[in-house]
Amino acid sequence: VIDDTADVLLAVNSIIHSKTFDNGMICASEQSVTVIDTIYDQVKAEFQKRGCYFVKQGAEMEALRAAMFKNGALDHRIPGMPAAKIAELAGIEVPAKTKILIAPLDKPSDEHPLSKEKLSPVLAYFVCRDKEQGFEYANKMLELGGLGHSAVIHTGDMKIADEYGVAMKVGRIIVNSPAP
């Protein structure tokens, strides 16, 4: 979760650092980013400035999902594959040096396989209205495949970090740092 008190540059750099290490193969790396709506444009611009590609709704999103997930499970070829190669498999044109594919979704859900663990430089991207919805989305992501593992928050308010730590069903809370 990136809240509206976070240092956006630090948050984006931390997420990119985490998700590009070993092409996101480490299960502790972020699987999604949840952003408070008031900083959506700023966060998106920082990701784009640093070589991340936002997958377009419709045909691109469906092609990415189909390339990555077969019969509801992550295709065995995907873990550790570079973002540009995953895009190529999906028939999506991206710059060769694309660091991460970012898939904007409306909410974490079993209906969206891209909400689940991807073990690659692909992130689900959610926008929420406030901290409470951000915490709700983070817990839903944990239910989709990370209960007991890790959760990350980027915030400038340590009270919010403490609340997040209590609310998440994990053994490890990371604050303002890369996940792995």
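Here, every reference points to the structure presented above.
The structure reproduced in this document is the subject of the present report. None of these values were measured; they are calculated from a predicted model. (Residues numbered from 1 in each chain as written. Predicted model: local features only at pLDDT ≥ 70, side-chain atom pairs only at ≥ 80, totals over all residues. Heavy atoms only, no water.)

### Some points on the packing of helix H1 (residues 8–20) against helix H2 (residues 40–49)
The geometry of H1 relative to H2 is characterised by a closest axis approach of 10 Å and an angle of 45° between their N-to-C directions. Here H2 runs oblique to H1, going by the angle between their axes. Crossing geometry of H1 relative to H2 is assigned as right-handed. Touching Val8, Leu9, Val12, Ile15 and Ile16 of H1 are Gln42, Val43, Glu46 and Phe47, all from H2. A breakdown of the residues in the contact of H1 with H2 according to their chemical character gives 7 nonpolar, 1 polar and 1 charged. (Axes fitted to C-alpha atoms, helices over the stretch in contact; angles between N-to-C directions. Helix = DSSP H or I, 4+ residues; strand = E, 2+ residues; numbered from the N terminus. Parallel < 35°, antiparallel > 145°, perpendicular 65-115°, else oblique. Left-handed = near helix turned anticlockwise from the far one by under 90°. Contact = heavy atoms within 4.5 Å. Nonpolar A, V, L, I, M, F, W, Y, C, P; charged D, E, K, R; others polar.)

### Some remarks on the nonpolar core
Core analysis: the biggest nonpolar cluster contains 28 residues, and Leu64, Met68, Ile86, Ile92, Leu101 and Leu114 have the highest contact counts within it. It is helix H4 (residues 83–90) that contributes the most residues to this core, 5 residues altogether. Those residues in contact with Met68 that lie beyond four places of it in its chain are Ala73, Leu74, Asp75, Ile78, Ile86, Leu114, Lys118, Ser120 and Val122. Judged by nonpolar contacts, the second largest core, of 18 residues, contains Val8, Val35, Ile100 and Tyr125. (Core = buried A, V, L, I, M, F, W, Y, C linked by side-chain atoms within 4.5 Å. Buried < 20%, exposed > 50% of the residue type's maximum accessible area, 1.4 Å probe, protein only.)

### Examining the sheet that holds strand S6 (residues 122–128)
With respect to topology, 4 strands assemble into an open sheet ordered S1-S6-S5-S2, the strand pairing being parallel. In the strand order of this sheet, the two ends are held by strand S1 (32–36) and strand S2 (52–54), each with one partner. Taken pair by pair, the neighbouring strands of this sheet meet at an average axis angle of 30°, ignoring direction. By the bridge criterion, 5 bridges tie S1 to S6 in an arrangement that is parallel. Across the sheet, Val33 pairs through a bridge with Tyr125, a residue of S6. (Pairing = 2+ DSSP bridges.)

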